[in-house]
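Each chain is listed here by its residues.
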Amino acid sequence: MGKAYPDIFDSILGSIREPVVVLDPDLKVIKANPSFYDTFNVNPKQTEGVLIYDLGNRQWDIPKLKELLEEILPQNTKLNDFEVEHHFESIGRKIMHLNARRIYTEENHTQLILLAIEDVTDREYYKRNLEDIVEKRTAELRIAREEALNSKHVAENALEKIKCLKDQLEAERAYLQEEIKLEFNHENIIGRSNEIKYVFYKVEQIAAADTNVLVLGETGTGKELVARAIHGLSSSKDRALVKMNCAALPSNLIESELFGHEKGAFTNAYSRRLGRFEIANGTTLFLDEIGELPLDLQPKLLQVIETGEFERLGSSETIKVDVRIIAATNRNLEAEVRKGTFREDLWYRLNIFPITMPPLRERREDIPLLVDYFIDKISKRLGKSINLVPVNVMNTLRNYHWPGNIRELENVLERAVINSSGPKLHLVDELKKPNKDLTNTNRTLAHVEREYILRVLEQTQWKVSGNNSASEILGLERSTLRARMRKLDIHKP
Ligand SMILES: Nc1ncnc2c1ncn2[C@@H]1O[C@H](COP(=O)(O)OP(=O)(O)OP(=O)(O)O)[C@@H](O)[C@H]1O
């Protein structure tokens, strides 16, 4: 080596910081620099004259190095940054960038091969580590983005629910304001008779339960008052009682009032509207005049009662609600079922806990109490001071049969208060039985009598004798009533 390569060559090699090895054309090591010996833990004796692949117990038998020296380099003069990764037994895993140079003889044969080895292990590991971190962060970002998208959907759904709740609250507020105007409380149900006490008993018995209630009774007997009393004693008393009068609207409007509608569900449906069932979710829905509910809507009502589920008009989305229903009617629903105008299954569902309001004529002992209560209330409202009800006036009020019940009594007293100039109540109404049926008609007395008896029998559910029976209302002996029924061809259906 000394002859062929002068000392200056050694000095140059020695000054290069990175490991360098010089090979002859047969790939045997001519010389390496101190950095090579240090880095790869070998000495000149084990190295010089040895085939590069045999270095360090063949640790240098590296396929990629072979590829570089035997395939790539013969075609090229130099090659930079050829990456080789290899596990050396003595020094562990190394990532190297090889810079190779071919040096030629004058005859253009390979004289020497210079191999400079740059150890980039730390840098590469650092880079790979960074790449791993970037990849991990990218995956995390992707997940976060997906989560954000999901959260957006959840938030949108929540917003939609909040909107619905807001609509429900606004609608309910309207009902609450009505309640405030009504100044209703349980004590407003006036009466001390056994009949009304029995009603109170039933109200208190059922109020706390979640059961649906059916309030029966003639017009003006206080059915709505009882519905409010039940609600007022129930667990949802702090929410409004939502009310719907089934007789007040035509069939198609009742449906959208009950179940609500989507925008565009029908002409004039300019925006989405919540139905009473949705507004009453979690509280009480009072369905007044249930007997007037059109036959085609009855199955829908039955479905909500049974499953709590329905769809808004124009929507296929099923809405689930938890609503307590109090229904009221002045009709004899049993008779309506027989006539085919009321569905039997719906009647069974509603009739789980019936409360019957007694007509005023069956609790005449309450009349003086009611008279005092109404005179006081009406006088205050009209700025009058009436404190005397003459005995004959009270007797007249007590003896009248009150077909319009308490509402009629209230109206009669309002007219009386308006017409009384002093402290004494002066009646204006004559309080006779209405006889308009008998004028302008060519019906016989027997015909009218038959109709009236039939009506009373239906109202009392064909109870002929005893308390609250048809014979009591008609003022007849039981046997006399039976004889009249035979004569007039009246039979229990
Ligand atoms: N026991 C009572 N004490 C005081 N007021 C009463 C009583 N019962 C009914 N009223 C009054 O009589 C009027 C009629 O009552 P309500 O509307 O509850 O009767 P209703 O049976 O629901 O009538 P309708 O069948 O016509 O709907 C109301 O003004 C109500 O406040």
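Residues numbered from 1 in each chain as written. Predicted model: local features only at pLDDT ≥ 70, side-chain atom pairs only at ≥ 80, totals over all residues. Heavy atoms only, no water.

Enquirer: Just to check I follow, could you spell out the pairing of strand β4 (residues 92-104) for this structure?
Expert: Both faces of the sheet carry side chains from a regular strand, because those side chains alternate between them. Where strand β3 (residues 78-88) lies against β4, nine bridges are found, and the strand directions are antiparallel. Residue pairing across strands places Glu-83 opposite His-97, the latter belonging to β4. The hairpin formed by β3 and β4 contains three residues between the paired strands. With nine bridges connecting them, β4 and strand β5 (residues 110-119) associate as antiparallel partners. Residue pairing for β5: Arg-102 is matched across the bridge by Ile-113. Where β4 hands over to β5, the hairpin turn is made up of five residues, of which Asn-108 adopts a positive phi near 70°. (Pairing = 2+ DSSP bridges. Helix = DSSP H or I, 4+ residues; strand = E, 2+ residues; numbered from the N terminus.)

Enquirer: I'm lost on the nonpolar core in this one. Help?
Expert: Nonpolar side chains tend to gather and get buried jointly when the protein is soluble and globular. Phe-277, Leu-287, Ile-290, Leu-301 and Ile-325 are the most contacted members of the largest nonpolar core, which has 35 residues in total. With four residues, the single largest contributor to this core is helix α11 (residues 298-307). Among all residues touching Ile-325, those that are not within four sequence positions of it are Asn-212, Val-213, Phe-277, Leu-285, Leu-287, Leu-301, Ile-305 and Leu-350. Core analysis: the second largest hydrophobic core is formed by 27 residues, Tyr-53, Ile-62, Leu-68 and Phe-82 among them. (Core = buried A, V, L, I, M, F, W, Y, C linked by side-chain atoms within 4.5 Å. Buried < 20%, exposed > 50% of the residue type's maximum accessible area, 1.4 Å probe, protein only. Contact = heavy atoms within 4.5 Å.)

Enquirer: Where do I start with the UniProt feature "domain: Sigma-54 factor interaction" (unreviewed entry) in the chain in this structure?
Expert: According to UniProt, the "domain: Sigma-54 factor interaction" (unreviewed entry) feature falls on residues 189-418. In residues 189-418, the share of helix is 43% and the share of strand is 13%. The end C-alpha atoms are 24 Å apart. (UniProt positions renumbered as here; feature names shortened; annotations may be inferred.)

Enquirer: Please explain the environment of Val-242 as it appears in this structure.
Expert: For Val-242, the location among the structural elements is in strand β7 (residues 241-245). Along the backbone, Val-242 and Ile-325 are 83 residues apart, and their C-alpha atoms lie at a distance of 9.7 Å. Not counting chain neighbours up to four residues away, the residues in contact with Val-242 comprise Tyr-175, Arg-276, Ile-279, Ala-280, Thr-283, Thr-284, Leu-285 and Phe-286.

Enquirer: What exactly am I supposed to notice about unusual backbone geometry here?
Expert: With glycine set apart, most residues show a phi of negative sign, and most peptide bonds adopt trans. We note that Leu-27 has phi near 70°; this positive angle belongs to a residue other than glycine. Looking at where Leu-27 falls in the secondary structure, it is placed in the loop between β1 (20-23) and β2 (29-32). Here Leu-27 falls in the buried class, since its relative accessible area comes to 10%. One non-glycine residue, Trp-462, adopts positive backbone phi at about 65°. Note that Trp-462 resides in the loop between α17 (445-459) and α18 (470-474).

Enquirer: Sorry, what's going on with the pairing of strand β8 (residues 284-288) here?
Expert: The buried fraction of β8 is high, at five of five residues. By the alternation rule, side chains of β8 split into Thr-284, Phe-286 and Asp-288 and Leu-285 and Leu-287, which are all buried. As paired elements, β7 and β8 share five bridges and run parallel to each other. In the sheet register, Val-242 faces β8, and the bridge partner there is Leu-285. With four bridges joining them, β8 and strand β11 (residues 324-329) adopt parallel strand pairing. Residue pairing in the sheet places Leu-287 in a bridge with Ala-327 of β11.

Enquirer: Got a minute to help me understand the pattern of salt bridges in this structure?
Expert: It is possible for side chains of opposite charge to pair when their charged atoms get near one another. One pass over the full model with this rule turns up 34 salt bridges. We note a salt bridge from Asp-61 to Lys-66, for which the minimum N-O separation is 3.2 Å. The partner of Asp-429 in a salt bridge is Arg-415, and the shortest N-O contact between them spans 2.9 Å. Separated by 14 residues along the polypeptide, Asp-429 in the loop between α16 (405-419) and α17 and Arg-415 in helix α16 bring together distant segments of the chain. Salt bridges sharing common partners tie together Glu-83, Glu-85, Arg-93, Glu-124, Lys-127 and Arg-128. (Salt bridge = Lys/Arg side-chain N within 4 Å of Asp/Glu carboxyl O.)

Enquirer: Teacher, can you tell me more about the domain arrangement of the chain here?
Expert: For an interface, size is often stated in terms of accessible area lost upon the parts coming together. Split by domain assignment, the chain resolves into domain 1 (7-119), domain 2 (184-356), domain 3 (360-419) and domain 4 (441-487). Computed over C-alpha atoms only, the centres of domain 3 and domain 4 are separated by 29 Å. (Domains from an automatic or database assignment.)

Enquirer: How should the packing of helix α14 (residues 367-382) against α16 be read in this particular structure?
Expert: For any two helices packed against each other, one specifies the inter-axial angle together with the distance between the axes. Between α14 and α16, the least distance of the axes is 9 Å, while the angle of their chain directions is 50°. With respect to each other, α14 and α16 are oriented oblique. Two packed elements cross with a definite hand, and for α14 against α16 that hand is right-handed. Together, Leu-370, Val-371, Phe-374, Ile-375, Lys-377, Ile-378, Ser-379, Arg-381 and Leu-382 of α14 and Ile-406, Leu-409, Glu-410, Leu-413, Glu-414, Val-417 and Ile-418 of α16 make up the contact between the two elements. Of the residues in the contact of α14 with α16, the class split is eleven nonpolar, one polar and four charged. (Axes fitted to C-alpha atoms, helices over the stretch in contact; angles between N-to-C directions. Parallel < 35°, antiparallel > 145°, perpendicular 65-115°, else oblique. Left-handed = near helix turned anticlockwise from the far one by under 90°. Nonpolar A, V, L, I, M, F, W, Y, C, P; charged D, E, K, R; others polar.)

Enquirer: Just checking my understanding: could you explain the sheet that holds β2 for this structure?
Expert: The pairing of strands in a sheet happens through backbone hydrogen bonds and is either parallel or antiparallel. As summarised here, the arrangement of the five strands in space is β2-β1-β5-β4-β3, forming an open sheet in which the pairing is antiparallel. Strands at the two margins of the open sheet, each flanked by one partner only, are β2 and β3. Averaged over all pairs of adjacent strands, the angle between strand axes in this sheet comes to 25°, irrespective of strand direction. In the packing of helix α5 (residues 63-72) onto the sheet, contacts are made with β1, β3, β4 and β5, and the angle to β3 comes to roughly 150°.

Enquirer: Explain the environment of Glu-311 here, please?
Expert: Relative to the helices and strands, Glu-311 resides in strand β9 (residues 309-311). By relative accessible area, which is 29% here, Glu-311 ends up partly exposed. Sequence-wise, Glu-311 and Arg-381 are 70 residues apart; in three dimensions their C-alpha atoms are separated by 45 Å. Side-chain polar atoms of Glu-311 contact the side chain of Thr-318, separated by 3.1 Å. (Polar contact = N/O pair within 3.5 Å; in protein donor to acceptor, adjacent residues only side chain to side chain.)

Enquirer: Explain the packing of aromatic side chains here, please?
Expert: According to the stated counting rule, one finds 13 aromatic pairs in the structure shown. On the numbers, 6.3 Å between centres and 80° between planes, the contact of Phe-36 with Tyr-37 is edge-to-face. Assessed through its relative accessible area of 0%, Phe-36 is described here as buried. Seen from their ring centres, Tyr-198 and Tyr-201 are 6.1 Å apart, and the 25° between their planes marks the pair as stacked. (Phe/Tyr/Trp six-rings, centres within 6.5 Å; stacked < 30°, edge-to-face > 60°.)

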